[in-house]
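Structural overview for review
Residue-level listing of the chains:
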Amino acid sequence: MSNSRFTRRGLLKTSAVGTAGLAMPMFFTSQANAFTNEPTGSTVTLGFNVPQSGPYADEGADELRAFQLAVEHLNGEGDGGMLSTFSSKTLDGTGILGKKVQFVTGDTQTKSDAARASAQSMIQKDGAVMISGGSSSGVAVAVQALCQEAGVIFMAGLTHSNDTTGKDKKANGFRHFFNAYMSAAALAPVLAQLYGTDRKVYSLTADYTWGWTQQESIKAATEAMGWTTINDVRTPLAATDFSSYIAPVLNSGADVLVLNHYGGNMVNSLTNAVQFGLRDKQVNGKNFEIVVPLYSELMAKGAGKNIAGIVGSQNWDWKLENEKGARYTGTNAFVQSFGAKYGFPPSQAAQTCYAQTLLYADAVNRGKSFNPCSVVEALEGFEFDGLGNGPTLYRKDDHQCFKDVVVVRGKENPENEFDLVEIVEVTPADKVTYAPDNPMFAGGDLGACNPGA
Amino acid sequence: MLGLNRRDFAMLLLVAALALFAPFILNPFPTASGLSQFNAGYPDLMQRFVIFGIFAIGFNILFGLTGYLSFGHAAFLGVGSYSAVWMFKLLSMNVLPALVLSVVIAGLFALLIGYVSLRRSGIYFSILTLAFAQMSFNLAYSVLTPITNGETGLQLALDDPRILDAANTAGSVPVTSLFGLEMRSAVTLDLAGWSFTFSVGYYLCALIMLVAFYISVRLFRSPFGMMLRAIKTNQQRVNYTGLNSRPYTLAAFVISGMYAGLAGGLLACMDPLAGADRMQWTASGEVVLMTILGGAGTLIGPVLGAGFIKYFENIFSKINDSILHQWFSFLPDWMENLLVNIFYPFVGKGWHLTLGILFMLVVIFLPGGLVQGGQKIARKLGFGKKSNSDTPAE
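Residues numbered from 1 in each chain as written. Chains lettered and ligands numbered in written order. Predicted model: local features only at pLDDT ≥ 70, side-chain atom pairs only at ≥ 80, totals over all residues.

**What to know about the interface of chain A and chain B**
Across the contact, 44 residues belong to chain A and 41 residues belong to chain B. With seven residues, the top contributor of residues to the side of chain A that touches chain B is helix α3 (residues 112-124) of chain A. Taken together, the residues of the side of chain A that touches chain B break down into 13 nonpolar, 22 polar and nine charged. (Contact = placed C-beta atoms within 7 Å. Helix = DSSP H or I, 4+ residues; strand = E, 2+ residues; numbered from the N terminus. Nonpolar A, V, L, I, M, F, W, Y, C, P; charged D, E, K, R; others polar.)

Spelled out as structure tokens, the structure:
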């Protein structure tokens, strides 16, 4: 039972103890570091934060392999991969600025909250100076904002939303991967050529930042060439069965289905669509077609033979150098060392993560400091080559890379389980470049670089 | 003291001491040693410990006292977070208005859901709350996108109005603070290989947790708490004696919802982002696990359970195979690989598995949760209280 008698002495005692306890931490002074997690020993720690569970787990696993490979190469182990083809020659296998590279990993669970908790622990506990990874734009945007606040560099992995370097761009964040606008710009001419300029589109869109911006981009690009959009339906990211979304497509009068889905979502929705017989249908006197704007080998593998003949775009493909020549040098070197270590060719997610790690290391070496502001300065406006994508520019205005985009199509008769897509066309970088103030990217502000501390 | 009897006051002091010295207690290993992997004394995780402690304390007021098992408590956590972030966006980066609003909104929301759900008891009540929580999740996830920003999560932007704050010229999003005391500011104490971090945010959370804990102790010991226990024991009998039990359960539900809202608001204060997955049913299930793991109906149990689960989520999930290889590198190669293969499924992305096994063990062998385990050990060591060794500590 309660007895609520406060005695004067009791109150004084308690408050004295309480005040002393609260004041205690204030006696210590904070360490005088120039920036967050300044590496002082003989090692430097990078944080690789990838989805190890959830709809993008396959991509996450491949990203992690690429990160491990990149760290090996930076430390002078293995065959060096793209170090030899990279146009900047500051990386010599002695780590970064002479410090051996270590890394920590975490699971984003494809959830913003979990991803931020994981990144926080890398920054606060493990002393990471750079965070990379993420296979979802929602997560990338959230972690990028965190890195900006904490004062570390964020090298985005697989994130395709316009917002990552548009509305939600941050000074400490950089993206090597291409984006939804570029996909749409590269796809539209190919689609016009293949399917004509008079088509009616029905689209299913993953309901988050990436899906929204991709749908917006595809709509703008296809409508510019004469297509019309009949309907757009948003689907939850966590959905695994799309039959209820596919059924209405049959009677909508549309003759093209655009699936703005990725990873496990896309595998499931495409399979549903094929099972409903959409591919064999004739609508408005034309063959019904399915388009998957963002494509990957991992998804092609998951979707099996349903992928045959489906058109989409990729950031990179492991056959690029073999088929399109020495412009894409670096590709074979990377595929070689990845294949030797893991026994299969890398996905585009792996390539972008590998490239990002090298780019970060090189920027530190060139700026001769791990200070985020020095890294930002070194990367802004940086032109490089030899990382598999051809000549590339890291644009100063929004920290987005501009490079060629690969348009691909699922092979009708794949020869083996790794060679599932064929390259239809490579769209040169200048065809997919946009002004920094493009309305689809408006509303954000890079702000100033934040070194933390 | 403070209106508590000796045992409860001792418990309050114990919790206060644990909270105060958490940066030391949770960092038992030197930074350079291989075991530093198991250190949990960094601000973000310590904040999570106490915040989810508050969440579980609140849940325990409902579940531990009235026996009503709510499967939708994460909805209040999420509502609290959204309210707090909106406060940061519109009003000021000061955490005080944000916390007040998150508690108030969560309380109103709990009143609404509780009014409907408490018409049923038992499994029907659980299902109703689960349904409401899933509804809120789906609303936040897709329908209310303008308010919640959907899957991406609600975040601060440079051009938010923040009418009470001075114009922002720094070029970066301002940080949350309590009258100028920044939540993220921290000091580090380096002592012979150890490194201890004391952060403002953590101590604010810990202070609020202590107040929350104190209020919950008073509730447990009050006539109101006794009423709630009567409802748990035999609600029909309470009704037949002419007492209307619904106002009591509703009050407990609202109080517990406000605790959840406070926890959600604090989460947003420490890290200004609110995502819809905070409201998902898995999050609701997690608080049930915390409470049962720690010991439902006990005072300190939920806090322990919350710490336990968050520790696994954040520490075990980060052990990858290369770290395992480091640990066993002194062994011959074949043995190293064998051991790594044995342990690997239980760490890294397999942390759920380890947690599941531990949860099973606790439920089977210690139905009273970790608190019961602690009591058993204490009795073995001879500290047992002879008079009431069979009643669970409260």
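**Here we look at the sheet that holds strand β15 (residues 401-402) of chain A**
Strand order in this open sheet of three strands is β13-β14-β15 (chain A), and the pairing throughout is antiparallel. The open sheet is flanked by β13 (383-384) and β15 of chain A, the only strands paired with a single partner. (Pairing = 2+ DSSP bridges.)

**Here's the deal with the environment of B:L164**
Residue and element names in this part refer to chain B. Assignment of secondary structure puts L164 in the loop between β1 (154-155) and β2 (177-178). Classification of L164 by C-beta neighbours within 10 Å gives exposed; the count is 11. Along the backbone, L164 and S92 are 72 residues apart, and their C-alpha atoms lie at a distance of 5.3 Å. Excluding residues within four positions of it along the chain, L164 makes contact with L91 and S92. (Buried ≥ 20, exposed ≤ 12 C-beta atoms within 10 Å, placed from the backbone.)

**Topic: the confidence of the model for chain B**
Residue and element names in this part refer to chain B. This prediction gives chain B a mean pLDDT of 86; 96% of its residues lie at or above 70. The low-confidence segment residues 386-394, where pLDDT is below 50, has 14 contacts with residues more than four positions distant or belonging to other chains. Scoring of the predicted complex yields 0.85 for pTM and 0.83 for ipTM. (pLDDT = per-residue confidence, 0-100.)

**Comments concerning the domain arrangement of chain A**
Residues and elements named next belong to chain A. Along its sequence, chain A is carved into domain 1 (43-178 + 320-398) and domain 2 (181-314). Using only C-alpha atoms to locate each centre, domain 1 and domain 2 end up separated by 29 Å. On the side of domain 2, 18 residues touch domain 1, which itself brings 16 residues to the contact. Secondary structure elements with two or more residues in the side of domain 1 that touches domain 2: α2 (57-74), α4 (137-150) and α12 (348-367). Grouping the constituent residues of the side of domain 1 that touches domain 2 by class yields five nonpolar, seven polar and four charged. (Domains from an automatic or database assignment.)

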